[in-house]
Amino acid sequence: MLPDWTAMKLPELPDLPVRAELDRIVGTLAKRGTAVLVAPPGTGKTTLVPLALAAGTDGRVLVAEPRRLAARAAAARMAALLGEPVGATVGYAVRGDRKVGRDTRVEVVTSGLLVRRLQNDPELAGVDVVVLDECHERHLDADLLLALLLDARAGLRPDLRLLATSATVAAERLSALLGDKVADGAERSVPEPKSDAATSAGTGDAEPASLAGAPEPASLTGSGTTGAPVLEVRGRTYPVAMNYVPALPKERIEAQVARATRAALAESDGDVLVFLPGAAEIRRTAEQLSGLDGVDVIPLHGRLSTAAQDTALRPGARRRVVLSTAVAESSLTVPGVRAVVDSGLARVPRIDRGRGLSGLATVRVSAAVAEQRAGRAGREAPGRVWRCWPEYEHATLPAYPEPEIRTADLTRLALELACWGTPDGSALDWWDAPPPGGLAAGRDVLRALAAEDDNGVTDRGRRMAVIGLHPRLSRALLDGAAEVGARAAAEVVTLLDDESLSPGTDLIHSLRTLRREKPARWLREVQRLARLVEQAGTGQARPGQAAQERSDAPRQPGTAPDTRAAPPPRSDAENPAAASDGGSSAAASDAVSPAAVSDVGRSVAAREAGQAVARSGAMSGAARSAAGADDPALVVALAYPERLARRRAPGSASYLMAGGTAVSLPPGSGLGDAEWLAVAVATRDPGRSEGRIRLAAVADEQLARRAAPTLLRMAEEVDWIGGDVVARRVERLGAIVLSEKPIRDPEPAQVEAALRRGLGESGLSLLRWSADAESLRQRLDFLHRTLGDPWPAVDDESLLAAMDSWLAPDLGGARRRADLERIDAGQALRRLLPWPEAVRLDELAPERLTVPSGSQVRLDYSADPPILAVKVQEIFGWTDPPRLADGRTTILLHLLSPARRPIAVTADLPSFWRTGWPQARAELRGRYPKHSWPEDPTTVQPHRGTARNAARGQ
């Protein structure tokens, strides 16, 4: 049944490719309840489809966009099509900014904000359709929103219609996720729209397209799911010529992009859209392009003011170069573009769990993203693209972008899952399930912040979720308000959430500048957060609390939270938190080492954190001042206690953070003399051993103790430090040593453990190895290699692993390195000899071998096979040398001259006597005339010295 659009009259809609398919899209969604729309950028899917859907329903249509800029732009475009201001029929809501009226039918929201709204009202009362736009971008909030909507639809709202849109054709997984669960081949019934009547208002006179033309994936065999219909709209594109601009030697990306942009201006008409990874690159590229005659250089990224963003999205009076981040890939249309310059780079969230660092990493774009960017040049006319990489590298690009859920910090995701009632996420259907390790790390942080306990999300955790920031920043806001006041805490947290507000490294200097200049964007967010934290202290900012107080037991898939006792949801005007899009900058993300988590996460943390929040609403201004008002470093430390850092040496730029990671200050930071820092942002470039501090505030030891009491530890430590045993009583803040005193009589067991660690670090060379000891070890190694068991392995790794079997008696009496050096390793090693086989040691691997002259010559077992170095005159008469290890191994003869210089190496003595000896004899008999050089040495008496000794029979 097709919808009745008479309830909402549509004007003549623009002739975009999707317009002819609106009937089919709306009808398919009405019939099936879910659908996937695949349409490239510029087809009208973001603006025309929501209007058509709203015309066929009495309820509201929510459009979820991954970015704030895209949400505002989409709402403005739809309102303009209706000839109305934003906030009438079409409105939007992003964090800190909402324009929605009582008659609003289409509301564009950010994905993070809709997650929060869904948490407060799982039924989404009054909403008939949710459009999940640009699903292919795979943002973390969008993936979470999809999973929560599917769960709500499976339980409380089977009539809720979901349309997922994507600019790529990889829609099979989306189709399967959105498909109806069926039993015995029967489809789930979807409520019919309000009327059978249909009209073609706004779509021309074309008849509605037949639903038979809508491609539908086959049922998934054995899965119990019928895939949602996949509707495809092809865009109108013009031909695009491709150019590749490889970098010159040592050329920075900004210079390379500026060079390509000048070429685009010279060789094409119209505006030029330039893709760069971030705001910093946009700023530096704009500097490179300064002075262009008759051309406006305009930035476009999510941190700009609304007015500045609107400037980039409107045609200009002169030719323009628009320097944009990824926001212009698919969500936005920049008019007038005829040329695209693609840096080939994108900035994505990454986490380094091992070092406790996270943030935004610059990576190569995928092939799909490169195609989307290139398509912008052919939107309105034939265009040209300049790609800033060699053509041969294009085939090496990944096919699609990596989903954020696989690489980003999952702490905030973990909090949302805990609020939904499934902390491990197992009750939800995911596009890509959260990686278990990343989700576990996020839950560890929540426990450390007292946001989650054994019973699930805590009341404190719910307050954090309502604030809508990363849980670390919510903690800093709530607890910081108790220490420095709500306003001061909000100022610092706003800066932490948007590090682009701080162009330098010194956070305090940046904060002073912001307070002096009062930029509107910063000021609005400060005021919003200050109101939120004040309401959190009095319990006012907790909409839908009953809806959130759900069962601790994990819900089964398809069952949304129980909201039967929940009051009606408040409007956003009553609840400022609802205006939050739930997003925060990647600077708020963090990884915590297991040691740091185990410290911060102890029960005392939960108690103290709870007390701090309880005080936040009642502490007087004087008390806050006495407690450390206007101390930005304290607020930073509350967000990142394990990032408190102490200088590693006087005058050094290297610092050790409490979490155990080393970081360094960049030159000219203005913080070089600081002994302590509260680090807000630190990153680590590939190949660097230390991280790099991007944003920090000067701190001191007193502040560190106050901000991170649960990281403080006093312990008696006996360890191997600097090449010897050190026994001391140490006070630590995480990995940072605050003070230490020597211990005179440490526990013997601790000393022995330290000695063992020393042997493991420095090696067995710490023991006394005499020549006999080395020989014994080599002989045992030879027998182990040749005969195997029961002869023991005596390599370093094996001996260290078996210390209890041979070295323990000597370690028991040792106290320091000097005692190790007195241990006779050979005597200790004899404890490993296997009995009764040990009695045959000298037979199987003799230390010395008796040669025909009667000399006892030492065998060298360090080589394989063992070596016997002997003067050639001492083995006259030897035709078959003895073999070792019960005849399994020959010896390698190093035959020496009378001066003990080598004349031959052989393992086949008879062959040497026949072929090698005549040559050696001819060369040496004149050099050593006093020695015997017989023609046939096998028939001559061996001797030790000269020929005279041979004549005497010696």
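Fair warning: this is a prediction, and the values are worked out from it, not measured in the lab. (Residues numbered from 1 in each chain as written. Predicted model: local features only at pLDDT ≥ 70, side-chain atom pairs only at ≥ 80, totals over all residues. Heavy atoms only, no water.)

**Q** What exactly am I supposed to notice about the pattern of salt bridges here?
**A** Pairs can form between side chains of opposite charge whenever their charged atoms are close. Applying the stated criterion across every chain yields a total of 65 salt bridges. Here D432 makes a salt bridge to R406, at a shortest N to O gap of 3.1 Å. Placement of the pair is D432 in the loop between α12 (411–420) and α13 (436–448) and R406 in helix α11 (residues 404–407), with a sequence separation of 26 residues. Across the pair D772 and R858 runs a salt bridge whose closest N-O atoms are separated by 3.9 Å. With D772 in helix α26 (residues 771–787) and R858 in strand β30 (residues 856–860), the pair connects residues that are 86 residues apart, well separated along the chain. In the salt-bridge network here, residues are joined through shared partners; they are R138, D143, E402, R406 and D432. (Salt bridge = Lys/Arg side-chain N within 4 Å of Asp/Glu carboxyl O. Helix = DSSP H or I, 4+ residues; strand = E, 2+ residues; numbered from the N terminus.)

**Q** How should the sheet that holds strand β12 (residues 271–275) be read in this particular structure?
**A** The pairing of strands in a sheet happens through backbone hydrogen bonds and is either parallel or antiparallel. Spatially, β11-β18-β15-β12-β14-β13 is the arrangement adopted by the 6 strands of the open sheet, whose pairing is parallel. The open sheet has two edge strands with one neighbour each: β11 (240–244) and β13 (295–300). Neighbouring strand axes in the sheet, compared pairwise and without regard to direction, differ in orientation by 20° on average. Looking at chain direction, β13 and strand β14 (residues 319–324) are connected through 6 bridges and run parallel. Across the sheet, residue I298 finds its bridge partner in β14, namely V322. Where helix α8 (residues 279–288) meets the sheet, its contacts fall on β13 and β14, and the angle it forms with β14 comes to roughly 150°. The strands touched by helix α10 (residues 367–375) are β11, β12, β15 (337–342) and β18 (383–387); relative to β18, the strand with the most contacts, the crossing angle is about 140°. (Pairing = 2+ DSSP bridges. Axes fitted to C-alpha atoms, helices over the stretch in contact; angles between N-to-C directions. Contact = heavy atoms within 4.5 Å.)

**Q** Sorry if this is basic, but what is going on with helix α17 (residues 507–517) here?
**A** Each turn of an α-helix holds 3.6 residues, which means side chains three or four residues apart point in the same direction. Taken residue by residue, α17 has L507, I508, S510, L511, T513 and L514 as its buried positions. Between the side-chain oxygen at the start of α17 and the backbone nitrogen of I508 there is a gap of 3.1 Å, and the oxygen is on D506. Immediately beyond the C-terminal end of α17, within one or two residues, lies K518, with a positive phi of roughly 50°. (Buried < 20%, exposed > 50% of the residue type's maximum accessible area, 1.4 Å probe, protein only. Polar contact = N/O pair within 3.5 Å; in protein donor to acceptor, adjacent residues only side chain to side chain.)

**Q** Is there a simple way to think about the sheet that holds strand β23 (residues 662–664) in this case?
**A** Spatially, β21-β22-β23-β25-β24 is the arrangement adopted by the 5 strands of the closed barrel, whose pairing is mixed. Adjacent strand axes in the sheet meet at a mean angle of 50°, parallel and antiparallel pairs treated alike. Sheet topology places strand β22 (residues 654–657) next to β23; 3 bridges connect them, and they run antiparallel. Within β23, the position partnered with L656 by the bridge is A662. Packed onto the sheet, α17 meets β24 (676–683) and β25 (691–699) and runs at close to 70° relative to β25.

**Q** Hey, could you run me through the side chain of S111 in this one?
**A** Looking at the secondary structure, you find S111 in helix α4 (residues 111–120). By relative accessible area, S111 is classed as buried at 4%. Beyond its immediate stretch of four places on either side in the chain, S111 contacts A64, E65, P66, D141, A142 and L145.

**Q** I'm lost on the pairing of β25 in this one. Help?
**A** The side chains of a regular strand alternate between both faces of the sheet. Where β23 meets β25, 2 bridges bridge the pair, whose relative direction is parallel. Bridge pairing in β25 links V663 to G691. Of the strand pairs in this sheet, β24 and β25 are connected by 7 bridges, and their pairing is antiparallel. Pairing of T683 across the sheet is with R692, part of β25.

**Q** What is the right way to read the packing of aromatic side chains from this model?
**A** Using the criterion set out here, one finds 8 aromatic pairs in the structure. Ring centres of W917 and W933 lie 5.7 Å apart, and the angle between their planes is 20°; this geometry places the pair in the stacked category. Placement of W917 in helix α33 (residues 909–924) and of W933 in the loop between α33 and α34 (947–951) is noted, with a sequence separation of 16 residues between them. For W917, a relative accessible area of 0% gives the class buried. Lying across the ring of Y640, R643 places its NZ or CZ 4.3 Å from the centre. (Phe/Tyr/Trp six-rings, centres within 6.5 Å; stacked < 30°, edge-to-face > 60°. Lys NZ or Arg CZ within 6 Å of the ring centre and 35° of its normal.)

**Q** Explain helix α3 (residues 68–82) to me, please; I cannot follow it from the model alone.
**A** With 15 residues, α3 extends 22 Å between its outermost C-alpha atoms, agreeing within 8% with the 21 Å of an ideal straight helix rising 1.5 Å per residue. Taken residue by residue, α3 has L69, A70, A71, R72, A74, A75, M78, A79, L81 and L82 as its buried positions. Following α3 by one or two positions, G83 adopts a phi angle in the positive range, close to 70°. (Expected span 1.5 Å × (residues − 1).)

**Q** Just checking my understanding: could you explain the pairing of strand β21 (residues 644–647) for this structure?
**A** Examined bridge by bridge, β21 and β24 share 3 bridges and lie antiparallel to one another. Bridging across to β24, L644 finds its partner in A678. With 3 bridges connecting them, β21 and β22 associate as antiparallel partners. The partner of A645 across the bridge, within β22, is M657. Connecting the antiparallel pair β21 and β22 is a turn made up of 6 residues, with G651 showing a positive phi of about 75°.

**Q** Is there a simple way to think about the confidence of the model for the chain in this case?
**A** Interpretation of this model should avoid reading the predicted coordinates in detail wherever pLDDT is low. Here the chain averages 82 in pLDDT, and 82% of its residues register 70 or above. Segment residues 182–224 is flagged for pLDDT under 50; beyond a separation of four residues in sequence, or across chains, it makes 81 contacts in the model. Segment residues 541–628: pLDDT under 50, and 199 contacts once partners within four positions in sequence are set aside and those in other chains are kept. (pLDDT = per-residue confidence, 0-100.)

**Q** What is the right way to look at the nonpolar core in this model?
**A** Where a protein is soluble and globular, its nonpolar side chains tend to be buried together. One finds V130, L149 and L507 to be the most contacted residues of the largest nonpolar core, which totals 105 residues. Counting residues per element, this core draws most heavily on helix α5 (residues 140–155), which supplies 9 residues. Residues in contact with L507, not counting those within four places in the same chain, are V492, L495, L496, P632, V636, A680, L695, A696 and A697. Grouped together as the second largest cluster of nonpolar side chains are 61 residues, V718, L755, L766 and L780 included. (Core = buried A, V, L, I, M, F, W, Y, C linked by side-chain atoms within 4.5 Å.)

**Q** Can you help me understand unusual backbone geometry in this one?
**A** Keep in mind that most residues, glycine aside, have a negative phi and that most peptide bonds are trans. In the segment running from D789 into P790, the intervening peptide bond is cis, with an omega of 10°. For the bond running from D864 to P865, omega is 5°, close enough to zero to count as cis. With respect to the helices and strands, P865 occurs in the loop between β30 and β31 (867–871). Unusually for a residue other than glycine, K518 sits at a positive phi of about 50°. Along the chain, the position of K518 falls in the loop between α17 and α18 (520–538). For K518, a relative accessible area of 49% gives the class partly exposed.

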